[in-house]
Amino acid sequence: VLQLPVKLRVHDSVFVPLAKWAMLLAGNYRCIQPYPKDVISIKDAVTSDVEMSRQVYNSVVELCIALGGKEEDFVPFEKYLAAAESLQNPSSAARAVANGATNIERVDKVVGLIGKFTRG
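As a starting point, this report considers the structure included with it. Computed from a predicted model, the values in this text were never measured in an experiment. (Residues numbered from 1 in each chain as written. Predicted model: local features only at pLDDT ≥ 70, side-chain atom pairs only at ≥ 80, totals over all residues. Heavy atoms only, no water.)

## Considering the overall build of the protein chain
Okay, step 1: Along the protein chain, the regular secondary structure elements total six helices and zero strands.
Okay, step 2: Within the protein chain, the fraction of its 120 residues that count as buried is 32%.
Okay, step 3: Expressed as a percentage of contacts within the protein chain between residues at least 6 apart in sequence, the contacts between residues at least 24 apart total 70%.
Okay, step 4: Accessible surface, the protein chain: about 8200 Å² in total, of which carbon and sulfur atoms supply 56%. (Helix = DSSP H or I, 4+ residues; strand = E, 2+ residues; numbered from the N terminus. Buried < 20%, exposed > 50% of the residue type's maximum accessible area, 1.4 Å probe, protein only. Contact = heavy atoms within 4.5 Å. Areas by Shrake-Rupley, 256 points an atom, 1.4 Å probe, with all protein chains shown as cover.)

What follows is the structure, encoded as structure tokens:
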């Protein structure tokens, strides 16, 4: 019998796992750059234009709050920015696209559709 270690985290709010959405849109997906750059690190994606990163991050958090999340469910942007400083590699999504993947998880599309229908 093969047993795999699994960490199960239980949160009081269903919105805590959705807090990752803001991080994905502000950093991970922005690692994918047009040719000739192709991919950059998460650090560079977030810090190359901090105000744009802040705007993207906070708009996703605001969307999740509009859906019923509480502000305390989400990591403040400044804390995310500090953490991003140590992320020297491109995101897995960016690496996959750089290696020729044509189908990746597109949380940005999910967030965009939810935003379209909730904000009109």
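From this point on, the discussion continues.
## Some words on the pattern of salt bridges
Okay, step 1: Per the counting criterion, the structure on display carries three salt bridges.
Okay, step 2: One salt bridge connects Glu-51 with Arg-54, and the closest N-O pair in it is separated by 3.3 Å. Here Glu-51 pairs with Arg-54, and both are found in helix 3 (residues 50-66), just three residues apart, close to one helical turn.
Okay, step 3: Since its relative accessible area comes to 51%, Glu-51 is described here as exposed.
Okay, step 4: For Arg-54, a relative accessible area of 23% gives the class partly exposed.
Okay, step 5: Overlapping salt bridges, with partners in common, bring together Glu-51, Arg-54 and Glu-78 in one network. (Salt bridge = Lys/Arg side-chain N within 4 Å of Asp/Glu carboxyl O.)

## Some points on helix 3
Okay, step 1: Helix length check: helix 3 (17 residues) gives 24 Å between terminal C-alpha atoms against 24 Å at 1.5 Å per residue, within 8%.
Okay, step 2: Where helix 3 is concerned, the buried positions are Ser-53, Val-56, Tyr-57, Val-60, Val-61, Leu-63 and Cys-64. Mapping the buried residues of helix 3 onto a view down its axis gives an arc of 155°, with all of them on the same face. Exposed side of helix 3, more than 90 degrees from the buried face: Glu-51, Gln-55, Glu-62 and Ala-66 are the residues found there.
Okay, step 3: Considering only its buried residues, helix 3 is in contact with helix 1 (19-28), helix 2 (42-47), helix 4 (77-84) and helix 6 (107-119).
Okay, step 4: A positive phi of about 125° marks Gly-68, the residue just after helix 3. (Expected span 1.5 Å × (residues − 1). Arc of directions from axis to C-beta.)

## Focus on the nonpolar core
Soluble, globular proteins show a tendency: their nonpolar side chains are buried together.
Okay, step 1: In this structure, Leu-25, Tyr-57, Tyr-80, Val-107 and Val-111 are the most contacted members of the largest nonpolar core, which totals 28 residues.
Okay, step 2: Of all the secondary structure elements, the ones that give two or more residues to this core are helix 1, helix 2, helix 3, helix 4, helix 5 (92-98) and helix 6.
Okay, step 3: Among the elements that make up this core, the one with the highest residue count is helix 1 (seven residues).
Okay, step 4: For Val-111, the residues in contact, after removing those within four places along its chain, are Trp-21, Leu-25, Val-60 and Leu-63. (Core = buried A, V, L, I, M, F, W, Y, C linked by side-chain atoms within 4.5 Å.)

## Examining the packing of helix 3 against helix 6
A pair of packed helices is captured by two measures, namely the crossing angle of their axes and the spacing between those axes.
Okay, step 1: Taken N-terminus to C-terminus, the directions of helix 3 and helix 6 make an angle of 55°; their axes are 11 Å apart at the nearest point. On the basis of the axis angle, helix 3 is oblique to helix 6. Between helix 3 and helix 6 lies a crossing whose hand is left-handed. The residues of helix 6 that touch helix 3, namely those facing Ser-59, Val-60, Glu-62 and Leu-63, are Val-111, Ile-114, Gly-115, Thr-118 and Arg-119.
Okay, step 2: Its residues assigned to classes, the contact of helix 3 with helix 6 comprises four nonpolar, three polar and two charged. (Axes fitted to C-alpha atoms, helices over the stretch in contact; angles between N-to-C directions. Parallel < 35°, antiparallel > 145°, perpendicular 65-115°, else oblique. Left-handed = near helix turned anticlockwise from the far one by under 90°. Nonpolar A, V, L, I, M, F, W, Y, C, P; charged D, E, K, R; others polar.)

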